[in-house]
Amino acid sequence: MDIEHYKKLAEQKSKEHKKFLEQLKKKPPKNLDYVVEDTHEETFEEIDCLSCANCCKTTGPLFTEKDKERIAKHLRMKISDFETKFLRVDEDQDWVLQSTPCFFLDPNDNKCSIYDVRPKACREYPHTNRKKIYQINNLTLKNTLICPATYVFVEKLRKVLEK
């Protein structure tokens, strides 16, 4: 997958996407959650995350207390040892990865070695199947630059809703 190609497209359409998302927030259609769900499913029938994994290569998730407990247990580590080995506290006082790409990403096949116990943030990314999606417009816009599926999702959503 040509991540740079999608990033360029997202940069070129950034203003259009921002305007579209702002319109959604001002006047969301009654059926928006259903349209979003269908568009999300359609997008991920086309886009294979394993051909990309740009999110895992370039951005780190937040780790909740539950995430840390679950992953440490899975790795048979003490939570404090897990934190020391893999995490740091960022400027917002959140637990995040010490560095990217993610330590748990296998660069050969883009698979996650802790997929079944991965952080909540990873499970929800790129947030394109969220109800009331207009509540996260800034995040969606930012994700179009990182995640080709988010770019495709916004484009598809525009086609459906701007008819």
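As a convention, each chain's residues are numbered from 1 in the sequence order in which they are written. Note on the predicted model: pLDDT of at least 70 is required for a residue's local features to be given, and 80 or more for side-chain atom pairs to be given and counted; whole-chain, interface and lining totals, by contrast, use all residues. As a convention, hydrogens and water are excluded, and side-chain values are obtained from all of the structure's heavy atoms.

## Quick notes on the overall build of the chain
Then comes step 1: Secondary structure elements are defined from DSSP: runs of H or I of at least 4 residues count as helices, runs of E of at least 2 residues count as strands, and each element is numbered from the N terminus. What the chain contains, in helices and strands, is nine helices and five strands.
Then comes step 2: Order of helices (α) and strands (β) in the chain, N terminus to C terminus: α-α-α-α-β-α-α-β-β-β-β-α-α-α.
Then comes step 3: Overall, the chain is about 55 × 30 × 30 Å in size when its C-alpha atoms are taken along their principal axes.
Then comes step 4: Long-range contacts, defined here as pairs at least 24 residues apart, represent 69% of the contacts in the chain between residues at least 6 apart.
Then comes step 5: Only the protein chains shown count as cover for residues, and all accessible areas are computed by the Shrake-Rupley method using a 1.4 Å probe. Carbon and sulfur atoms make up 50% of the accessible area of the chain, which totals about 10500 Å².
Then comes step 6: Asp and Glu are treated as the negative residues and Lys and Arg as the positive ones, with His and the ends of the chain left uncounted. Where a charge lies is defined by one atom per residue type: Lys uses NZ, Arg uses CZ, Asp uses CG and Glu uses CD. Where the 31 positive side-chain charges of the chain centre and where its 28 negative ones centre are 4 Å apart. Every residue pair with non-hydrogen atoms within 4.5 Å of one another is taken to be in contact.

## Focus on the packing of helix 5 (residues 65-74) against helix 6 (residues 79-86)
Then comes step 1: Where helix 5 meets helix 6, the axes come as close as 9 Å, and the angle between the chain directions of the two elements is 95°. By the angle between their axes, helix 5 is roughly perpendicular relative to helix 6. Contacts from Lys68, Glu69, Ile71 and Ala72 of helix 5 reach helix 6 at Ile79, Phe82 and Glu83.
Then comes step 2: Here the residues of the contact of helix 5 with helix 6 sort into four nonpolar, no polar and three charged. Only the stretch in contact is used when a helix axis is fitted, and all axes are lines through C-alpha atoms; the angle between N-to-C directions ranges over 0 to 180 degrees. Here roughly perpendicular refers to angles of 65 to 115 degrees, roughly parallel to angles under 35, roughly antiparallel to angles over 145, and oblique to all remaining angles. Classes in brief: Ala, Val, Leu, Ile, Met, Phe, Trp, Tyr, Cys and Pro nonpolar; Asp, Glu, Lys and Arg charged; the others, Gly included, polar.

## Focus: the pattern of salt bridges
Opposite charge on two side chains permits them to pair, given that their charged atoms come into close proximity.
Then comes step 1: Any carboxyl oxygen of Asp or Glu within 4 Å of a side-chain nitrogen of Lys or Arg constitutes a salt bridge here. Across all of its chains, the model carries 11 salt bridges by this definition.
Then comes step 2: Between Glu65 and Lys68 there is a salt bridge, and its shortest N-O distance comes to 3.0 Å. Of this pair, Glu65 and Lys68 both sit in helix 5, three residues apart, roughly one helical turn.
Then comes step 3: Under the scheme applied here, a residue whose accessible area is under 20% of the maximum for its type counts as buried, over 50% as exposed, and between as partly exposed, the area being computed with a 1.4 Å probe on protein chains only. The exposure class assigned to Glu65 is partly exposed, which follows from its relative accessible area of 47%.
Then comes step 4: Looking at Lys68, the relative accessible area reads 1%, which means it is buried.

## Quick notes on the environment of Ala149
Then comes step 1: Topologically, Ala149 is positioned in helix 9 (residues 148-161).
Then comes step 2: Of the residues examined, Ala149 reaches a relative accessible area of 1% and is grouped as buried.
Then comes step 3: Residues Ala149 and Glu46, spaced 103 residues apart in sequence, show a C-alpha to C-alpha distance of 8.6 Å.
Then comes step 4: In contact with Ala149, other than residues within four places in its own chain, are Thr43, Phe44 and Ile47.

## Topic: the layout of surface pockets
Then comes step 1: Grid spacing is 1 Å over the protein atoms alone, the probe is 1.4 Å, and a cavity is where that probe fits but cannot get out, while a pocket is an open set with protein on both sides within 12 Å along at least five of seven lines and lining residues have an atom within 4 Å of a point. Grid points are joined across faces, edges and corners, and a volume is the space filled by probe spheres set on the points. Roughly 1300 Å³ of internal volume is contained in the largest pocket.
Then comes step 2: Around the largest pocket sit 49 residues that line it, and Cys55, Pro61, Ala121, Cys122 and Tyr125 are the ones nearest its centre.
Then comes step 3: Contributing elements (two or more residues each) for the lining of the largest pocket: helix 3 (32-46), helix 4 (54-58), strand 1 (62-63), strand 3 (95-97), strand 5 (111-112), helix 7 (120-124), helix 8 (137-146) and helix 9.
Then comes step 4: Among the elements that take part in the lining of the largest pocket, helix 7 stands out by supplying five residues, more than any other.

## Brief notes about unusual backbone geometry
Then comes step 1: In the segment running from Thr100 into Pro101, the intervening peptide bond is cis, with an omega of 0°.
Then comes step 2: Along the chain, Pro101 falls in the loop between strand 3 and strand 4 (105-106).
Then comes step 3: Going from Tyr125 to Pro126, the amide bond is cis rather than trans, its omega being 5°.
Then comes step 4: Counting through the fold element by element, Pro126 comes out in the loop between helix 7 and helix 8.
Then comes step 5: Despite not being glycine, Asn110 has its phi angle at roughly 60°, a positive value.
Then comes step 6: Tracing the sequence through the fold places Asn110 in the loop between strand 4 and strand 5.

Functional significance is not addressed by these values, which are geometric in nature.
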